[in-house]
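# Structural features, examined
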Amino acid sequence: MYSIPFLDIPPLASAHGVVRLPGSKSISNRALLLAALCEGRTTVLRGLLASDDTQAMRTALEQLGCRIQQNGDELHVTGLDRHAMPAGLQLHLGNAGTAMRPLTAALALLARDGQQFTLTGVARMQERPIGDLVDALRPLGARITYEKNPGFPPLQLAGLDTARLDEAQTIRIRGDVSSQFLSAMLMALPLVAERRERVIEVDGPLISLPYVAITLHLLQRFGVAVRNENWRRFVVPAGSRYRSPGVLQVEPDASSASYFIALGGIASDPAQGQAITIEGLGADSIQGDIQFIEAARQMGVDVQAESNRLVVRRGAWPLKAIDIDANHIPDAAMTLAIMALYADGPTRIRNIGSWRVKETDRIDAMQTELAKLGAAVQAGPDWLAITPPAAQAWRAASIATYDDHRMAMCFALAAFNPAGVRVRIEDPRCVGKTFPDYFETLFGVVQARAGRVPVICIDGPSASGKGTLAQAVAQQLGYGVLDSGALYRVAALAARRRQLDIDPANARQLAELARNLPLCFDGERILLDGRDVSAEIRTEQVGRDASLISAIGEVREALLDWQRQAARLPGLVADGRDMGTVVFPHAPLKVFLTASAEKRAERRYKQLISKGNSATLSTLREELEARDLRDTTRAAAPLKAAHDAEVLDNSEMDVQAATEQVLRWWAERQS
Ligand SMILES: Nc1ncnc2c1ncn2[C@@H]1O[C@H](COP(=O)(O)OP(=O)(O)OP(=O)(O)O)[C@@H](O)[C@H]1O
Ligand SMILES: Nc1ccn([C@H]2C[C@H](O)[C@@H](COP(=O)(O)O)O2)c(=O)n1
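Throughout what follows, the structure given in this document is the object of discussion.

Cut-offs used in this document
Residues numbered from 1 in each chain as written. Chains lettered and ligands numbered in written order. Predicted model: local features only at pLDDT ≥ 70, side-chain atom pairs only at ≥ 80, totals over all residues. Heavy atoms only, no water. Phe/Tyr/Trp six-rings, centres within 6.5 Å; stacked < 30°, edge-to-face > 60°. Helix = DSSP H or I, 4+ residues; strand = E, 2+ residues; numbered from the N terminus. Buried < 20%, exposed > 50% of the residue type's maximum accessible area, 1.4 Å probe, protein only. Lys NZ or Arg CZ within 6 Å of the ring centre and 35° of its normal. Near = heavy atom within 4 Å. Polar contact = N/O pair within 3.5 Å; in protein donor to acceptor, adjacent residues only side chain to side chain. Areas by Shrake-Rupley, 256 points an atom, 1.4 Å probe, with all protein chains shown as cover. Nonpolar A, V, L, I, M, F, W, Y, C, P; charged D, E, K, R; others polar. Axes fitted to C-alpha atoms, helices over the stretch in contact; angles between N-to-C directions. Parallel < 35°, antiparallel > 145°, perpendicular 65-115°, else oblique. Left-handed = near helix turned anticlockwise from the far one by under 90°. Contact = heavy atoms within 4.5 Å. Salt bridge = Lys/Arg side-chain N within 4 Å of Asp/Glu carboxyl O.

The final tally for this structure, using the stated rule, is 12 aromatic pairs. On the basis of an interplanar angle of 85° and a centroid distance of 6.2 Å, the ring pair of Tyr2 and Phe443 is categorised as edge-to-face. Of the two residues, Tyr2 is situated in the segment before strand E1 (6–9) and Phe443 in helix H13 (residues 438–443); the sequence distance between them amounts to 441 residues. For the pair shown, Tyr2 and Phe443 are each scored as buried. Feature note: the residues Tyr2, Tyr259, Phe260, Phe435, Tyr438, Phe439 and Phe443 constitute an aromatic cluster, connected by ring pairs. Lying over the aromatic face of Phe6, Arg424 brings its terminal NZ or CZ to 3.6 Å of the ring centre.

What follows covers the side chain of Arg82. In this structure, Arg82 sits in the loop between strand E6 (74–78) and strand E7 (89–92). On the basis of relative accessible area, Arg82 is assigned to the buried category, the value being 18%.

Moving on, we get to the site of ligand 1. For ligand 1, the set of nearby residues contains 16 residues, the closest of which are Lys466, Gly467, Thr468, Arg604 and Met653. At 3.1 Å from an oxygen atom of ligand 1 is found a main-chain nitrogen or oxygen belonging to Ala463. Measuring from an oxygen atom of ligand 1, one finds a backbone N or O atom of Ser464 at 3.2 Å. A total of 630 Å² of accessible area belongs to ligand 1 in isolation, and the protein chains cover 78% of it. At the level of secondary structure, the elements contributing two or more residues to the shell around ligand 1 comprise helix H14 (466–477) and helix H20 (597–610). Its residues placed into classes, the shell around ligand 1 shows four nonpolar, seven polar and five charged.

A few words now on the packing of helix H17 (residues 540–549) against helix H21 (residues 617–633). The geometry of H17 relative to H21 is characterised by a closest axis approach of 10 Å and an angle of 20° between their N-to-C directions. With respect to their mutual orientation, H17 and H21 come out roughly parallel. Like other packed secondary-structure pairs, H17 and H21 cross with a definite hand, here left-handed. Facing Glu540, Gly543, Arg544, Ser547 and Leu548 of H17, the residues of H21 in contact are Leu620, Glu623, Arg627, Arg630 and Asp631.

With that settled, the discussion passes to the pattern of salt bridges. Pairing of side chains with opposite charge becomes possible as their charged atoms draw close. Going through the model one piece at a time under the given rule, you end up with 47 salt bridges. Here Glu306 makes a salt bridge to Arg309, at a shortest N to O gap of 3.9 Å.

Of all residues adjacent to ligand 2, which total 15 residues, the nearest are Arg489, Arg556, Arg577, Asp578 and Arg634. Within the side chain of Arg489, one N or O atom sits 2.6 Å away from an oxygen atom of ligand 2. Protein chains shield 97% of the accessible area of ligand 2, which is 450 Å² for the free molecule. Every element with two or more residues in the shell around ligand 2 is listed here: helix H15 (484–497), H17 and H21. At four residues, the largest contribution of residues to the shell around ligand 2 is made by H15. A per-class count over the shell around ligand 2 returns three nonpolar, five polar and seven charged.

See the structure below:
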């Protein structure tokens, strides 16, 4: 997950490959709750989504006394003992509507007389309506009060007046604000349907009907067969009781699939045999958002839906503009708004009033952010119309995401714009709500325009601080880091282990060894022949050997592929001696980092002492100067500043100041 202030997505050209998506949020949070309501029984949930919203539900259930154990990809949930639930709890549900609404209904009916719970969430959750659900629960005897604003969380629950529960007639609920109110009631009513049936009638139109279908499907899996009378009236039969299904497999999220369906339609080239394949989700899905496929097809995308897999290719290009009632796919419909940028005319998305009460007012947010890219956008109370920008009228934009995961995910697709401008996604961490690895998954199947992954080169002499600076810059930008010196160190160590003299006379064997290094990067660890050598390669002895082996041209040539392969999206910071001159000559930013020999020797001395090694300052300085001499005077790729490098002397500069300077240069290059 990218926990950085912004993520710059460079211009992208194409996409192909296979993706596996995380579990459905809607199914995951319903399944967690229903498993918790199976008193004493254990349910094994497979493929459950791990995200901010499911964590909110999970934490709340654990606070209530539910036992939840992770076992690899499985979650073992043992149902709550309703009589042992601790009272006086405050449950913080973040911005998870799929936790707030169903837990409100379930706890309102589960709580004993006088047993208190507070349900709250982040600021935006406190602006998301819940009054219709509370109004439906009160006639049943649920004691619920608003802590701040009437109609909105936080809520105080204070148990159930069972006398009123017995008297209660048909429950009425509005269906036109959020279908979660109806779903929440449907999941809560089996808790009080032991002796008599419970009936719900929907007032007004019912929106987002497919989400109610998921609820009914899961209720069935958990042993409760609700009678659905034409989506207007629902009957929970007398004697209903939750029973664990044993094992429940959670499908990949169909709303999350919409980004990759759009991706295939925008960026895979069928002439080159390219496609995006989505595994584990297909025509048999129980999720309403699977109907996004139809909308994508209307726009000209070629989608082949097998029972458990989708294969997506670009069909019509440009995409076809459409006019669509998207009430049945409100979440996935946001992706249509981005696809509209690649269409042959204005696209109109109608009947999406529920967007206004989601994580943010999505109609306003979409209108504002699409306009930044150059689109002409009109909006009404429940519709949006998007006219795409002309090919060269696209503008580079910094997209605000409003703490809304879907804003971040769908706007990433704007990076395929024909003008080749970059797209900045602010607060990319917000995707943690439903798809923490969204950007990693995306970058796994897309290619940068002209193969140009952004690379920042940092070259310079030993102990100038290249590695430290590279890490700091990469962290700010979410880029990967190439420590090319480590490759020379590993090659030298491998040669020593094979008792191969580091001598130009052995150039051929050394190069062969370097080309086929049995090397593996495992996070911070470097494994050689399967053994962790991360510490061993940092010794002064290996440093000396690395300096010798790096002077052999054939070895340098052999290590080129290793280094170039490190250039992966969203970008790379490469540190070494010849990053800017040889390995990445087209890099848009090259920094030559230097400092006086005195300062560098001092830094190395402190570094070694702090790690418990013995060292003397004068010897270190001599060795450092000898290394400088070898590195700068060797014939093969000597250490020198590239002609177009920015020279940065950090003798009197701390790491933060140096990092800020490099980020300033990078920002200039971007604009
Ligand atoms: N600007 C700076 N001011 C003070 N200390 C620094 C600065 N930059 C780096 N250092 C410290 O200097 C030491 C050496 O830094 P670092 O390992 O990043 O250098 P390097 O150039 O990558 O070295 P090598 O080429 O040998 O791998 C580290 O302990 C680091 O914390
Ligand atoms: N691109 C590179 C990186 C490193 N080297 C040489 C120079 C050093 O003597 C040796 C070890 O590098 P360090 O880990 O200290 O940065 O490898 C090089 O020639 N080219």
